[in-house]
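The lines below spell out each chain.
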Amino acid sequence: MVVRKMSGLLILGAGGHGRTVADAALMTGIWDRIAFLDDKEDLEEVSGFPVLGQFNLFPRFLNDFDGAFVAIGNNDLRLKLIIVLQHAGFNVPSIIHPHSSVSKRSKIAAGSIVMAGAVVNTDATIERGCIINTCSSVDHDCYVQEGVHISPGSHVGGTASIGRCSWLCMNSCIGNNRKVGKNVIVAAGSIVIKDVPDDVMVAGIPAIIKKRFGGDHIEHENISLSALYERI
Ligand SMILES: CC(=O)SCCNC(=O)CCNC(=O)[C@H](O)C(C)(C)COP(=O)(O)OP(=O)(O)OC[C@H]1O[C@@H](n2cnc3c(N)ncnc32)[C@H](O)[C@@H]1OP(=O)(O)O
C-alpha cells in the first residue's frame, strides 16, 4: 500500500483571504493540517481551524509545520512577512489550486498562490508573494514582479509586465506588451492601453492617472531580519 505523506501548513492571516488560502491548500491534497496566526486578539478558531496566536509567535512553530504561508491582502506587508519567514528558516511554498490552469513552462515563486479558475500561460513568471486571484489570467511570457495582486476577473495580455507590489483591482485588463510600474493601483474595471509609471493609481477606459503616491520602496533583501520585523 502506498501511504501518501500529508503536511501541516501555518497560515498568517485568518481573514477572508486566509480562509480561501486554507481551502485551496486543502484542495491540493498536499496539506492536510491547517492552523492560523492572526493579530486579532482572542481569536481562537476560524472555519474550524485553530488560531494559535498572534504573528509574532511564528518562531515557536518552526518545527511543527512543514510550510508557512502569508495570507494578507496588503502587498507590501505580505512580502515583508514572507521574507521574515524565509529568513527564519520556514519553507514558504507556492499554492496552486487544482482547478486553475498553470503552464508547466511557467514559474510560480515561493509564497504565491494561484486561485480557482485562474490561468497562467506558457513562459509566464510569477515572482514571490503574488496573488493570482479567482478567474484571473496572466498570459504567455508575462513577468509579474514580487508582491503583486491580480484580483478576481482581471486579465493580463501576453508579454506584459507588472511591477513590484502593484494591485490590479477586479475586472481590470492590461493590454499585451504593456508595462505597469511598481506600487501601481489599477482601479476596478479599468483597461490599460499605455504603459503606466511607478507609484500611481490609474482608472477608467482607457485608464488614465488619477493619483500619484510617495514612492517609498524598500529594498527588502538588503535589510536585516530585525530591521524587517520592526517595520511590520
Ligand atoms: C477576493 C477579493 O475580494 S479581492 C479584492 C478586490 N478589490 C478590489 O478590486 C477593489 C476595487 N476598488 C477599486 O477599484 C477602488 O475604486 C479603488 C481602490 C481603486 C479606489 O481607490 P481610491 O484611492 O479610494 O479612489 P477614489 O475613490 O479617491 O477615486 C479617485 C478617482 O478615481 C476614480 N475612480 C476610482 N475607482 C474607479 C474605477 N473603478 N473606475 C473608474 N474611475 C474610478 C474616481 O471617480 C476619482 O476620479 P476623479 O478624481 O476624476 O473624481
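Residues numbered from 1 in each chain as written. Predicted model: local features only at pLDDT ≥ 70, side-chain atom pairs only at ≥ 80, totals over all residues. Heavy atoms only, no water.

1. Examining the pairing of strand β1 (residues 7-12)
In step 1: In terms of burial, β1 is a largely internal element, 6 of the 6 residues being buried.
In step 2: Inspection of the sheet shows β1 paired to strand β2 (residues 31-37) by 6 bridges, in the parallel sense. Paired with Ser 7 across the bridge in β2 is Trp 31.
In step 3: With respect to chirality, the unit in which β1 leads through helix α1 (residues 16-28) into the neighbouring parallel β2 is right-handed. (Buried < 20%, exposed > 50% of the residue type's maximum accessible area, 1.4 Å probe, protein only. Helix = DSSP H or I, 4+ residues; strand = E, 2+ residues; numbered from the N terminus. Pairing = 2+ DSSP bridges. Right-handed = clockwise from strand over helix to strand, strands pointing away.)

2. Focus: the domain arrangement of the chain
In step 1: With domains assigned, the chain is organised as domain 1 (8-93) and domain 2 (96-230).
In step 2: The gap between the C-alpha centroids of domain 1 and domain 2 is 22 Å.
In step 3: With 23 residues of domain 1 at the interface, the matching set in domain 2 holds 27 residues.
In step 4: Sorting the residues of domain 1 by area buried against domain 2 places Asn 75, Leu 79 and Ile 83 first, and these three jointly supply 25% of that buried surface.
In step 5: At the junction of domain 1 and domain 2, the tally comes to 0 salt bridges.
In step 6: At the boundary of domain 1 and domain 2, one finds 7 residue pairs in polar contact (both at pLDDT 80 or more).
In step 7: Mapped by element, the contributors of at least two residues to the side of domain 1 that touches domain 2 are α1 and α2 (75-87). (Domains from an automatic or database assignment. Contact = heavy atoms within 4.5 Å. Buried area = accessible area lost by both parts, 1.4 Å probe. Salt bridge = Lys/Arg side-chain N within 4 Å of Asp/Glu carboxyl O. Polar contact = N/O pair within 3.5 Å; in protein donor to acceptor, adjacent residues only side chain to side chain.)

3. Some thoughts on the sheet that holds β2
In step 1: What the 3 strands build is an open sheet, ordered β2-β1-β5; its pairing is parallel. The sheet is open, and its two edges are formed by β2 and β5 (67-70), each paired on a single side. Geometrically, the sheet is characterised by an average inter-axis angle of 25 degrees between neighbouring strands, direction not taken into account. (Axes fitted to C-alpha atoms, helices over the stretch in contact; angles between N-to-C directions.)

4. Details of unusual backbone geometry
In step 1: Along the chain, Ile 205 connects to Pro 206 via a cis peptide bond; the corresponding omega equals -10 degrees.
In step 2: Tracing the chain through its elements places Pro 206 in the loop between β23 (200-203) and β24 (208-212).
In step 3: Positive phi is not limited to glycine here, since Asp 123 has a value of about 65 degrees.
In step 4: Along the polypeptide, Asp 123 turns up in the loop between β10 (119-120) and β11 (125-126).
In step 5: Overall, the relative accessible area of 29% leaves Asp 123 in the partly exposed class.
In step 6: Positive phi values are uncommon outside glycine, yet Cys 165 reaches one of about 60 degrees.
In step 7: Topologically, Cys 165 is positioned in the loop between β17 (161-162) and β18 (167-168).

5. A look at the packing of aromatic side chains
What describes a pair of aromatic rings is the distance from one ring centre to the other and the angle between the planes of the rings.
In step 1: Per the counting criterion, the structure on display carries 3 aromatic pairs.
In step 2: Ring centres of Phe 36 and Phe 49 lie 5.9 Å apart, and the angle between their planes is 65 degrees; on these two criteria the pair is classed as edge-to-face. Residue Phe 36 is located in strand β2, and its partner Phe 49 is located in strand β4 (residues 49-50); the two are separated by 13 residues in the primary sequence. Per residue, the accessibility class of Phe 36 equals that of Phe 49, and both read buried.
In step 3: Here the aromatic rings of Phe 61 and Phe 65 are separated by 6.2 Å at their centres, their planes lie at 75 degrees, and the arrangement is edge-to-face. Residue Phe 61 shares its accessibility class with Phe 65, and that shared class is buried. (Phe/Tyr/Trp six-rings, centres within 6.5 Å; stacked < 30°, edge-to-face > 60°.)

6. Topic: the nonpolar core
The nonpolar side chains of soluble globular proteins are, as a tendency, buried together.
In step 1: Formed by 26 residues in total, the largest nonpolar core has its most connected members in Ile 132 and Ile 174.
In step 2: Excluding residues that lie within four positions of it along the chain, Ile 174 makes contacts with His 155, Val 156, Gly 157, Ala 160, Ile 162, Leu 168, Val 180, Val 186 and Val 192.
In step 3: Core analysis: the next-biggest nonpolar cluster, separate from the first, contains 19 residues, Ala 22, Trp 31, Val 51 and Ile 113 among them. (Core = buried A, V, L, I, M, F, W, Y, C linked by side-chain atoms within 4.5 Å.)

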